[in-house]
Amino acid sequence: MNPTVKSLFPNFSKELIDAVETNATYQTIKSGEVIMRTGQYFKNTVLVLSGQIKIYREDDDGGEFLMYYLQPGQACALSMICATKNEKAKSWRSN
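First, a word on what this report is: a plain description of the structure on this page.

Cut-off values and rules
- Residues numbered from 1 in each chain as written.
- Predicted model: local features only at pLDDT ≥ 70, side-chain atom pairs only at ≥ 80, totals over all residues.
- Heavy atoms only, no water.
- Pairing = 2+ DSSP bridges.
- Helix = DSSP H or I, 4+ residues; strand = E, 2+ residues; numbered from the N terminus.
- 1 Å grid on protein atoms, 1.4 Å probe; cavity = no way out; pocket = protein on both sides within 12 Å on 5 of 7 lines; lining within 4 Å.
- Points joined across faces, edges and corners; volume = space filled by probe spheres on them.
- Nonpolar A, V, L, I, M, F, W, Y, C, P; charged D, E, K, R; others polar.
- Buried < 20%, exposed > 50% of the residue type's maximum accessible area, 1.4 Å probe, protein only.
- Arc of directions from axis to C-beta.
- Phe/Tyr/Trp six-rings, centres within 6.5 Å; stacked < 30°, edge-to-face > 60°.
- Lys NZ or Arg CZ within 6 Å of the ring centre and 35° of its normal.
- Salt bridge = Lys/Arg side-chain N within 4 Å of Asp/Glu carboxyl O.
- Core = buried A, V, L, I, M, F, W, Y, C linked by side-chain atoms within 4.5 Å.

In terms of strand pairing, strand 2 (residues 53-58) meets strand 3 (residues 64-70) through six bridges, oriented antiparallel. Looking at strand 3, one finds that Tyr-56 is bridged to Leu-66.

Structure, rendered in structure tokens:
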């Protein structure tokens, strides 16, 4: 088991941690890189192990409306909901 996942998500059951370990794709994202763009479909959920992710909406003119930040040990509820409902994403950027 990845001790980082286990330590950052202590409420996850052993079975869930095992499933994350078996199925997860770990990515390192550069600061400022856009992870998801408005209109893309979620296929997975996001668990933050380190760093920070900015979740925001873009208006028609390209302006940003900050929704929230994801910190280490947090899971993105928006990605979970959209992935299960096959809904489109809002914009995200590594911070």
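It is worth spelling out the layout of surface pockets at this point. In this approach the atoms are scanned with a rolling probe the size of a water molecule, which exposes any empty space left behind. Considering only enclosed or pocket space, the largest pocket measures out at about 1,100 Å³ in volume. Lining the largest pocket are 33 residues, with Thr-25, Gln-27, Thr-45, Val-46 and Leu-47 sitting closest to its centre. Breaking the lining of the largest pocket down by element, the ones donating at least two residues are helix 2 (14-23), strand 1 (34-36) and strand 4 (91-94). For the lining of the largest pocket, the residue count by class is 20 nonpolar, eleven polar and two charged.

Every buried residue of helix 3 (residues 77-85) is accounted for by Leu-78, Ser-79 and Cys-82. All buried residues of helix 3 project into a common sector of 95 degrees when viewed along the axis, lining one side.

What follows deals with the packing of aromatic side chains. For the coordinates displayed, the defined rule picks out one aromatic pair. Pairing Phe-9 with Phe-12 gives two aromatic rings, centres 4.8 Å apart and planes at 20 degrees, and the pair type is stacked. Stacked on the ring of Tyr-56, the Lys or Arg Lys-54 has its end atom at 5.5 Å from the ring centre.

This part is about the pattern of salt bridges. As enumerated under the stated definition, the model contains two salt bridges in all. One salt bridge connects Lys-14 with Asp-18, and the closest N-O pair in it is separated by 2.8 Å. Of this pair, Lys-14 and Asp-18 are both found in helix 2, four residues apart, which corresponds to roughly one turn of the helix. On the basis of relative accessibility, which here comes to 48%, the residue Lys-14 falls in the partly exposed class. Across the pair Glu-64 and Lys-54 runs a salt bridge whose closest N-O atoms are separated by 2.7 Å. Here Lys-54 lies in strand 2 and Glu-64 lies in strand 3, a separation of ten residues in the sequence.

The next point concerns the nonpolar core. With ten residues, the main nonpolar core is built from Met-36, Phe-42, Val-46, Val-48, Ile-53, Ile-55, Leu-70, Cys-76, Leu-78 and Cys-82. Elements with a contribution of two residues or more to this core: strand 2 and helix 3.

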